[in-house]
Amino acid sequence: MAPHSLPPPSKKRKTHREDYGSKIKQLEDELIAAVGKNLSLNPLADLLALAYDVEDPHDTSKAIYALYRVFVVIISDNKLGLGGDEAAKVVKAWIWERLQSYVDFLGSLLQDDEKFLRTSALQIMFSLLKYLSTSYTKSSHPTKPQPQFHASHFRKIVSYLLLCPNSKRKSSSPKPDGGMIDSDVLNLFYDTWFSVHDDIRWFFLRDSATLLSGQTADAHPNVPINLLSILERLSTFPTEQSELNAWWVVELGTKPPKPKVSKKGSNNADMSSDDEETAKTGDEEENDDWRKFFEDDPVTEDGKKGPGQRLHKMTIHQSLHSLSSHRAVFTRAWLTLLPRLAVPGNIEKNKALATRALNLMHRGVMPHLTRPILVMDWIGACVDIGGSVGLLALNALFVLIKEYNLDYPSFYTRLYAFLDRDVLHLKHRSRFFRLTELFLSSTHLPATLLASFVKKLSRLSLTAPPAAIVMVIPFTYNILKKHPALMVMIHRADVDDSNDPFLSEETNPLQTNALDSSIWELMSHSSHYHAPVSTMCKIFSEAFTKPGYSMEDFLDHTYNTLFETEINRKIKREPALALEPSLKVFAAAEESSGEDLITGSAERDFVNELWVF
C-alpha cells in the first residue's frame with residue numbers, strides 16, 4: 001500500500017502568509033482611518049503584537065512597514081508634537097509607549113538573520129527620525145518655529161548600532177558573534193547617513209561618546225570595537241566651514257542667528273529665549289560643559305580664533321553650523337574610545353585594535369582634533385607594547401613632534417630600543433626600515449646618535465638572514481652619504497671584534513661610543529655565501545659618488561624572492577664543474593681485486609650500486 005503523500009509545505013506556508021498579510025492590511029486601514037476621524041487607536045497594539053508573533057520574515061516585513069506608515073500618519077497629524085492639553089498628553093503618552101516598543105523591535109532586527117529585515121529596520125528608524133524632528137520643529141513655537149532634532153529617538157538608534165541586541169523575531173536565531181555590528185548595517189549607515197549628513201555625524205559623535213562612557217567592558221565588551229569600525233571609515237570629515245551643507249533634518253539647514261558679543265570683548269554671548277528653548281527642547285540631556293575642555297580660544301562664525309562665542313555657550317543649532325563644534329565632538333569621541341580599546345586578558349586582540357587605530361591616527365584623526373597633543377598619553381602607552389604596534393605608535397609620536405611641536409626628548413632612545421636581536425627576523429622589518437629612514441632623515445641630528453643606529457644595525461646583521469642584510473647595506477650607505485661625519489667608521493681599519501669600543505648593551509644612543517668604532521660587521525659580509533650580499537658590500541670600498549639608494553627597492557625581499565631571483569637569473573657563463581667530465585656516474589662498476597678493496601684504492605660507483613634493485 002502506497003504511503004499517503006503530504007501536501008506540499010510551500011503551499012501551506014503561502015496560505016499562512018496570505019492570511020497574515022490580509023490581517024495586517026486590515027489593521028493598517030483601520031488605523032489610518034481612525035487617525036483621520038480622530039477615533040480610538042487601540043488596533044495599534046494589535047498590529048504591534050502581530051509584528052512580534054509572526055514567524056515568516058516576509059510577514060514581519062509587511063508588519064513593520066504597515067506600522068511605519070501608520071506612525072507617519074500619526075506624527076504628521078501632530079499627535080506626538082510638543083504641547084497640548086491634558087487629554088492630548090495622555091493620548092500622546094500611550095502612543096509614545098507603542099512607538100518605543102516598535103522602535104525597540106526595529107533595533108533588534110539590526111541583528112536578524114535576514115538581510116532585508118536588517119536594512120529595512122535601519123531605513124525605517126532614520127525615516128522616523130526625520131518625521132519626528134519635523135513635528136517637533138512645527139510645534140516648538142506658535143509663530144516662530146525653531147529647528148529641532150529628535151535627540152532621544154536618535155540616541156536609541158546609536159545604542160542599537162553599538163550595543164547590537166539580539167533579534168526579537170521568533171524564528172531568528174542569535175548570532176554566534178553577538179554584540180558585533182553587522183557589515184550590511186555598517187555599510188548602509190556609513191554610506192547613507194554618517195558620511196553624508198553633517199547633523200547625523202555631529203549627533204552620532206556626541207551620543208556615541210556618552211554611551212561609551214556609561215558602559216562597562218564586562219557588560220558590553222564589543223561597543224568600542226563597533227565604534228572603531230564606524231569611525232575608522234570616516235574620510236569625509238569637514239575641513240572648511242563651507243563644507244557644512246548637508247542635512248538629514250532639512251530644518252536644521254537654515255542659518256542660525258549670529259552670536260552677539262559684548263562690547264567689552266567678553267566671550268559670553270547673549271542668548272535669546274528662543275535659542276534657549278532650542279538648546280533644551282527635544283529631550284536634550286546632559287550639560288554640555290565638556291565642550292569647554294576642547295577649545296582654546298573663542299571662535300567666530302567661520303571657525304577662526306578671535307572674539308566670538310564659546311562652544312559651550314552655543315545652542316544646538318549654532319553648534320551644527322560651527323566647524324569648531326564638529327571638531328570638538330570628534331575629539332571627545334576619539335578620546336573616549338582610545339583608552340577603551342584594551343580587551344581584558346586578550347593581548348593579541350588588544351594589539352589588533354591598537355593597530356587599526358594607529359594606522360589612521362596621523363592622517364585621519366590628528367588633523368581634525370582640537371588639540372592633537374591630547375592623544376599623546378595613549379600613543380606613548382602603545383610605544384611600550386613594542387613590535388609593529390610600537391612602530392606605528394612611534395610614527396604617530398613623530399608626527400606630533402614634527403607638526404604639533406610636542407616636546408618628547410626620549411623619542412630616539414625609544415626608537416633605539418627597537419633594535420634588538422629580533423627586529424631583522426620579524427615580518428614587519430620592512431615597516432621598521434621605512435619609518436626609521438623617515439625618523440633619521442633630518443640633517444640636524446648629532447653624529448653620535450646616528451653612529452649608534454648604524455653600528456647597532458651592523459652588529460645585528462651578523463645573525464640576520466640575507467633578505468635583511470640587503471636592507472641594512474643600502475640603509476647604511478644612505479645615512480653615511482647624508483652625514484659625512486660618519487665616514488670615519490669606514491676608514492678605521494684598526495678596529496675589529498677584539499678591540500671594539502662599542503657598548504652594545506647601552507640603552508642611551510648618545511653614550512654607546514659607536515662613533516669611535518667601525519662597521520667591520522658589514523665589511524665582513526664581503527665574503528658572504530649569498531652573492532648579492534657580497535656584491536653590495538663592495539660599495540663601502542668604493543668612492544661615495546653614487547646617488548642614494550631608493551629603499552623601496554630592497555624592503556620587500558624575503559627568502560622566497562631571493563630564491564626566485566636566483567633560479568630565474570640568466571646564466572651567461574657555465575659554472576666550472578667539480579667532477580671530471582669523463583666520469584660516468586651510472587656506469588657499471590669494474591671488478592676490483594681483493595687488495596684494492598682492502599686498501600680502498602679502487603673507485604666505486606656507489607650511486608649505481610644503490611640504483612640496482
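For the structure given in this document, a descriptive report is provided here. Given the structure is predicted, the values throughout are model-derived calculations rather than measurements.

### Quick notes on the pattern of salt bridges
Thinking step 1. All told, the structure shown has 18 salt bridges when counted by the stated rule.
Thinking step 2. The closest approach of N and O atoms between Lys 170 and Asp 53, which form a salt bridge, is 3.8 Å. In this pair, Lys 170 is assigned in the loop between α6 (151–163) and α7 (183–194) and Asp 53 in helix α2 (residues 43–53), connecting sequence segments 117 residues apart.
Thinking step 3. With relative accessibility at 38%, the residue Asp 53 sits in the partly exposed group.
Thinking step 4. Of the charged contacts in the structure, one is a salt bridge between Asp 384 and Arg 414, with a shortest N-O distance of 2.1 Å. With Asp 384 in helix α15 (residues 376–385) and Arg 414 in helix α17 (residues 411–416), the pair connects residues that are 30 residues apart, well separated along the chain.
Thinking step 5. On the accessibility criterion, Asp 384 (58% relative accessible area) is exposed.

### With respect to the packing of aromatic side chains
Thinking step 1. By the definition in use, this model includes 24 aromatic pairs.
Thinking step 2. Their ring planes at 45° and their centres at 4.7 Å tell us that Tyr 52 and Phe 105 sit as a pair that is tilted. A residue pair is termed long-range when its members are at least 10 positions apart, and Tyr 52 in helix α2 and Phe 105 in helix α4 (residues 86–108) qualify at 53 residues.
Thinking step 3. When its relative accessible area of 0% is taken as the criterion, Phe 105 is described as buried.
Thinking step 4. Between the aromatic rings of Phe 189 and Phe 204, the centroid separation amounts to 5.3 Å while the plane-to-plane angle is 50°, which identifies the pairing as tilted. Here the residue Phe 189 occupies a position in helix α7, and Phe 204 occupies one in helix α8 (residues 198–213), the gap between them amounting to 15 residues. With respect to burial, Phe 189 and Phe 204 carry one shared label: buried.
Thinking step 5. If you follow Lys 130 out to its NZ or CZ, it ends over the ring of Trp 248, 3.7 Å from the centre.

### Some remarks on the packing of helix α16 (residues 387–404) against helix α18 (residues 429–439)
Thinking step 1. As a packed pair, α16 and α18 sit with axes 10 Å apart at the nearest point and diverge in direction by 25°. Between α16 and α18, the interaxial angle falls into the category roughly parallel. Crossing angle aside, the handedness with which α16 passes α18 is left-handed. Here Ser 388, Leu 391, Leu 392, Leu 394, Asn 395 and Phe 398 of α16 come into contact with α18, specifically with Arg 431, Phe 432, Leu 435, Leu 438 and Phe 439.
Thinking step 2. By residue class, the composition of the contact of α16 with α18 is 8 nonpolar, 2 polar and 1 charged.

### Some details on the packing of α7 against helix α9 (residues 223–231)
Thinking step 1. Closest axis-to-axis distance for the α7/α9 pair is 10 Å, and the angle between their directions is 50°. Regarding the angle of α7 to α9, the classification is oblique. In this structure, α7 meets α9 at a crossing whose hand is right-handed. Across the interface between the two elements, Leu 186, Phe 189, Tyr 190 and Phe 194 from α7 touch Ser 229, Ile 230 and Leu 231 from α9.
Thinking step 2. The residue makeup of the contact of α7 with α9, split by class, is 6 nonpolar, 1 polar and no charged.

### Focus on the environment of Ser 498
Thinking step 1. Summarising the element assignment, Ser 498 is placed in the loop between α21 (488–491) and α22 (520–523).
Thinking step 2. Separated by 2.5 Å, the side chains of Ser 498 and Asp 496 make a polar contact.

The rules behind these values
- Residues numbered from 1 in each chain as written.
- Predicted model: local features only at pLDDT ≥ 70, side-chain atom pairs only at ≥ 80, totals over all residues.
- Heavy atoms only, no water.
- Salt bridge = Lys/Arg side-chain N within 4 Å of Asp/Glu carboxyl O.
- Helix = DSSP H or I, 4+ residues; strand = E, 2+ residues; numbered from the N terminus.
- Buried < 20%, exposed > 50% of the residue type's maximum accessible area, 1.4 Å probe, protein only.
- Phe/Tyr/Trp six-rings, centres within 6.5 Å; stacked < 30°, edge-to-face > 60°.
- Lys NZ or Arg CZ within 6 Å of the ring centre and 35° of its normal.
- Axes fitted to C-alpha atoms, helices over the stretch in contact; angles between N-to-C directions.
- Parallel < 35°, antiparallel > 145°, perpendicular 65-115°, else oblique.
- Left-handed = near helix turned anticlockwise from the far one by under 90°.
- Contact = heavy atoms within 4.5 Å.
- Nonpolar A, V, L, I, M, F, W, Y, C, P; charged D, E, K, R; others polar.
- Polar contact = N/O pair within 3.5 Å; in protein donor to acceptor, adjacent residues only side chain to side chain.

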